[in-house]
Amino acid sequence: MSTSAVLRRRSASIVSRHIFSSATFPPPRKATKPPVLWESDAAAPNDAVPLELFSWGRGSSGQLGVVGEEIRIYPTPAASLRLPPSFRLSPAPGSLTHHSPEPTSSVEVGISCGLFHSSLLVDGRFWIWGKGDGGRLGLGHENSLFVPTLNPYLDNVKCLALGGLHSMALTFLGEVFTWGYGGFGALGHSVYTRELVPRQVEGCWTGEIKHIDTSGTHTAAITETGELYTWGREEGDGRLGLGPGRGPDQAGGLSIPTKVKALPVPVAAVSCGGFFTMVLTEDGQLWNWGANSNYELGTGDKLGGWQPRPVCRLEGVCITQIVCGGYHSLALTGRSNEFCCHLKGTFCLIWYLMKSYDASF
C-alpha cells in the first residue's frame, strides 16, 4: 500500500488548532518548559485547559520524550497541550465505551506505552518517540527519537496500542493499521516482514472494527458485531484462542487475523496479556484463556488452555474495564472506584489504574 493511501483527514471538525512537531525544534536539555505540541484557537486564551505529559524511568532509547540517554528518577515534563474545556479521554483498550451526549467535536486525548516507545494522541493525530528498530515508530525509518514527533502517515486515529516491537492504531472509520517488526506475525499482513510506516490490516471480517489491543507479540480486534479476531505469536499456551491445528503457521507465529470461533457470545472489549487474553461482553461479563501458570486467569488453579472460559468468581459482577499485564490482570467494576488486582494469588485494592507494560514480553 502506498504512503498516500494511509493518509487520512477528518471530514468534519469545528475545532481549529495549531499542531507542532517537536522534532522540528527540540527543546534544549536544560529547558524549564516542555514544548507545546497542540493548542486550540476554539477557546479563549483564558479558557484553554493546560495539560502536561510527564515521564520517568529508563530513557536510554528515548522513550521518555526528553533529550538525553539517562534515567529519570522523578516525573519530568515531556510535552504540553492547550485544549478546549470540552476535551475528553480517548477510548482505552480493554474498556467498554459508552458514548456520552457530549458534542462529537470534542477533542480526544490519550497516551500509550510500548516496551521502549511511547505515544501521545490528540484529536486524531499522534506523536510517537523512543526506540526505532523494526520500524515501530512508523516514520519510514528505524532511527530512535528522543522527542515527541508527529507521525505524518496516519490521521483520523481513534486509539493507539503499542506493543513490544510494533504499534497498532484504530481509526474513526473502523480501520486497523499496524507497523513495526513483523517476525511474530503480530502485524497481521500475511507476511513476516517489517513495516516502516502504518499499513492497513486487510482482515477477513466484514464491517468496521470497534476495538483493538496488542501485547508484546500478539494482537486482537473486535468487529462492530462482536466477533473477535486474533493473530501473532503462539507458543502452545493458547493465547490466540484458536484451538488445535488453527494456530501458528511459521516460527510460532500466525500472521493472518483469524476469528475466535470458540467464543459463544459477542464481545465488546479485549486486552492482550503476556501469554493470555481477556475479553468483556457488552454487559460486562469477563472471559479469558491462555497461560495460567501464575493464576493470571483468576480461576483459582493453574489450568490454562485455548478454550475461552468465563471467570466464575466474577459472575454477575459488571466489569467496565480490563487490563492485562505480563502475568497478572486488573478489572474495574461499574459500581466502585476500587480495582481488584490478582497477582500470583494475592488480592489487593488499587485506587488508580495504570497499565504497566511488562518488560518480559
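Cut-offs and rules
Residues numbered from 1 in each chain as written. Predicted model: local features only at pLDDT ≥ 70, side-chain atom pairs only at ≥ 80, totals over all residues. Heavy atoms only, no water. Helix = DSSP H or I, 4+ residues; strand = E, 2+ residues; numbered from the N terminus. Buried < 20%, exposed > 50% of the residue type's maximum accessible area, 1.4 Å probe, protein only. Contact = heavy atoms within 4.5 Å. Pairing = 2+ DSSP bridges. Axes fitted to C-alpha atoms, helices over the stretch in contact; angles between N-to-C directions. Phe/Tyr/Trp six-rings, centres within 6.5 Å; stacked < 30°, edge-to-face > 60°. Lys NZ or Arg CZ within 6 Å of the ring centre and 35° of its normal. Core = buried A, V, L, I, M, F, W, Y, C linked by side-chain atoms within 4.5 Å. Salt bridge = Lys/Arg side-chain N within 4 Å of Asp/Glu carboxyl O.

A. A look at the side chain of His 189. With respect to the helices, strands and loops of the structure, His 189 is situated in the loop between strand S12 (176-180) and strand S13 (195-200). His 189 gets classed as buried once you look at its relative accessible area, which sits at 7%. When neighbours within four sequence positions are excluded, His 189 is seen to be in contact with Thr 178, Glu 195, Arg 199, Gln 200, Val 201 and Ser 255.

B. Spatial organisation of the sheet that holds strand S19 (residues 276-280). Read across the open sheet, the 4 strands follow the order S18-S19-S20-S21; overall the sheet is antiparallel. At either end of the open sheet lies a strand with only one pairing partner, and these are strand S18 (269-272) and strand S21 (305-310). Taken over all neighbouring pairs, the strand axes of this sheet differ in orientation by 15° on average, direction set aside.

C. Expanded view of the packing of aromatic side chains. Counted under the stated rule, the structure contains 5 aromatic pairs. A centroid spacing of 5.7 Å and a plane angle of 35° characterise the contact between Phe 275 and Tyr 327, whose relative ring orientation is tilted. Highlighted residues: Phe 275 in the loop between S18 and S19 and Tyr 327 in the loop between strand S22 (319-324) and strand S23 (329-333), separated in sequence by 52 residues. Owing to a relative accessible area of 29%, Tyr 327 belongs among the partly exposed residues under this scheme. Three or more aromatic residues link up through ring pairs in this structure, and these residues are Trp 205, Tyr 229 and Trp 231. One cation-aromatic arrangement involves Lys 131 over Phe 116; the distance from NZ or CZ to the ring centre is 5.2 Å.

D. Quick look at the nonpolar core. One finds Trp 38, Leu 81, Leu 83, Leu 120, Val 122 and Trp 127 to be the most contacted residues of the largest nonpolar core, which totals 16 residues. Among the elements of the structure, strand S2 (36-40), strand S4 (71-83), strand S7 (117-122) and strand S8 (125-130) are those that each provide at least two residues to this core.

E. Main features of the environment of Ala 331. As for its position among the elements, Ala 331 is in strand S23. On a C-alpha basis, the gap between Ala 331 and Gly 94 in space is 9.3 Å, while along the polypeptide they are 237 residues apart.

F. View of the pattern of salt bridges. Within this structure, the stated rule accounts for 11 salt bridges. Between Arg 88 and Glu 108 there is a salt bridge, with its nearest N and O atoms 3.1 Å apart. Linking Arg 88 in strand S5 (residues 88-89) with Glu 108 in strand S6 (residues 108-113), this pair joins segments that are 20 residues apart in sequence. When its relative accessible area of 18% is taken as the criterion, Arg 88 is described as buried. A single network of salt bridges, built from pairs that share partners, joins Arg 233, Glu 235, Asp 237 and Arg 239.

G. Examining the pairing of S7 more closely. With 6 of its 6 residues buried, S7 lies for the most part within the structure. Here S7 shows no split at all, with His 117, Ser 119 and Leu 121 on one side and Ser 118, Leu 120 and Val 122 on the other all buried. Sheet analysis places S6 next to S7, joined by 5 bridges and oriented antiparallel. When the bridges of S7 are listed, Ile 111 appears paired with Leu 120. Counting the residues that bridge the hairpin from S6 to S7 gives 3 residues. Hairpin geometry of S7 and S8 is characterised by an intervening segment of 2 residues between the two adjacent antiparallel strands and by a positive phi of about 55° at Asp 123.

Coordinates in, geometry out; function isn't part of it.
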